[in-house]
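Residue-level structural notes
Residues per chain are reported as follows:
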Amino acid sequence: MATERTYIMVKPDGVERGLVGEIIKRFENKGFQLIALELKTPDQEHLEKHYADLSSKPFFPGLIKYMKSGPVVAMVWKGKGVVKAGRVLLGETNPLASLPGTIRGDFALDVGRNIAHGSDSVENAEKEIALWFPKGVVHHDRVIEKLIYE
Ligand code: UDP
Ligand code: MG
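Residues numbered from 1 in each chain as written. Chains lettered and ligands numbered in written order. Predicted model: local features only at pLDDT ≥ 70, side-chain atom pairs only at ≥ 80, totals over all residues. Heavy atoms only, no water.

1. Regarding the pairing of strand β3 (residues 72–78)
Most of β3 is tucked away: seven of the seven residues are buried. Side chains Val72, Ala74, Val76 and Lys78 of β3 all project onto a buried face; the interleaved residues Val73, Met75 and Trp77 project onto the opposite face, where all are buried too. The sheet contact formed by strand β1 (residues 5–10) and β3 spans six bridges and is antiparallel. Within β3, the position partnered with Met9 by the bridge is Ala74. Two elements, strand β2 (residues 33–40) and β3, share seven bridges in a ladder whose sense is antiparallel. Bridge pairing in β3 places Gln33 opposite Lys78. (Buried < 20%, exposed > 50% of the residue type's maximum accessible area, 1.4 Å probe, protein only. Helix = DSSP H or I, 4+ residues; strand = E, 2+ residues; numbered from the N terminus. Pairing = 2+ DSSP bridges.)

2. Some details on the site of ligand 1
All residues in the neighbourhood of ligand 1 are listed as Lys11, Tyr51, Leu54, Phe59, Leu63, Arg87, Thr93, Arg104, Val111, Gly112 and Asn114. Within the side chain of Arg104, an N or O atom sits 3.1 Å from an oxygen atom of ligand 1. Relative to its unbound accessible surface of 510 Å², ligand 1 loses 78% to contact with the protein. Its residues placed into classes, the shell around ligand 1 shows five nonpolar, three polar and three charged. (Near = heavy atom within 4 Å. Polar contact = N/O pair within 3.5 Å; in protein donor to acceptor, adjacent residues only side chain to side chain. Areas by Shrake-Rupley, 256 points an atom, 1.4 Å probe, with all protein chains shown as cover. Nonpolar A, V, L, I, M, F, W, Y, C, P; charged D, E, K, R; others polar.)

3. Looking at a nonpolar patch on the surface
Taken together, the side chains of Val143, Ile144, Leu147 and Ile148 define a hydrophobic patch exposed on the protein surface, amounting to about 430 Å² of accessible area. Relative to the elements of secondary structure, Leu147 occurs in helix α8 (residues 145–148). Assessed through its relative accessible area of 73%, Leu147 is described here as exposed. (Patch = residues over 30% accessible without salt bridge, like charges linked within 9 Å, V, L, I, M, F, W, Y side chains within 5 Å. Salt bridge = Lys/Arg side-chain N within 4 Å of Asp/Glu carboxyl O.)

4. Examining the pairing of β1
For β1, the buried fraction is high: six of the six residues fall into the buried class. Because side chains alternate across β1, one face comprises the buried residues Arg5, Tyr7 and Met9, and the other comprises Thr6, Ile8 and Val10, equally buried. Relative to strand β4 (residues 116–118), β1 runs antiparallel, the two being bridged by three bridges. Pairing of Met9 across the sheet is with His117, part of β4.

5. Quick word on the environment of Gly31
With respect to the element layout, Gly31 can be found in the loop between α2 (20–30) and β2. Once residues within four sequence positions are removed from consideration, Gly31 is found in contact with Arg142 and Ile148. (Contact = heavy atoms within 4.5 Å.)

Okay, here's the thing in structure tokens:
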């Protein structure tokens, strides 16, 4: 059974624009399993930890301000290849470079308003899951597993 997990987050602009259901739908349609979900209002320190690797970038203060502008939807998704596949569903960091059919390609224009986040490696996914869901994540084995995996 696939145990890979990723951290997917609908950013404040995605929440405000009513795109939470649309984003969840795309991950569900693909066959991934939602194993954690919470609407959260993270503080500055939490967001700085989440984006720690970008702290020296010139866009960092603007990124933190954007991420603090409203609630986010924090999610953990599980399934075969979900880290890389999640990034494919999201599209490129720059929405204008994202193909139609991807979340950012279909719904966004600016890199600083790109609707959703997805972990970029299995290792970072586990770090982000620990940061956003410190109490841990439990899940059940789906009845439909045999219809998704051969
Ligand atoms: N970002 C930005 N300006 C840039 C690059 C990135 O505002 O020039 C923001 C953008 O919202 C992006 C986030 O910083 O999603 C994290 O950047 P990263 O390179 O990790 O892109 P991602 O993994 O989200 O595609
Ligand atoms: Mg990233």
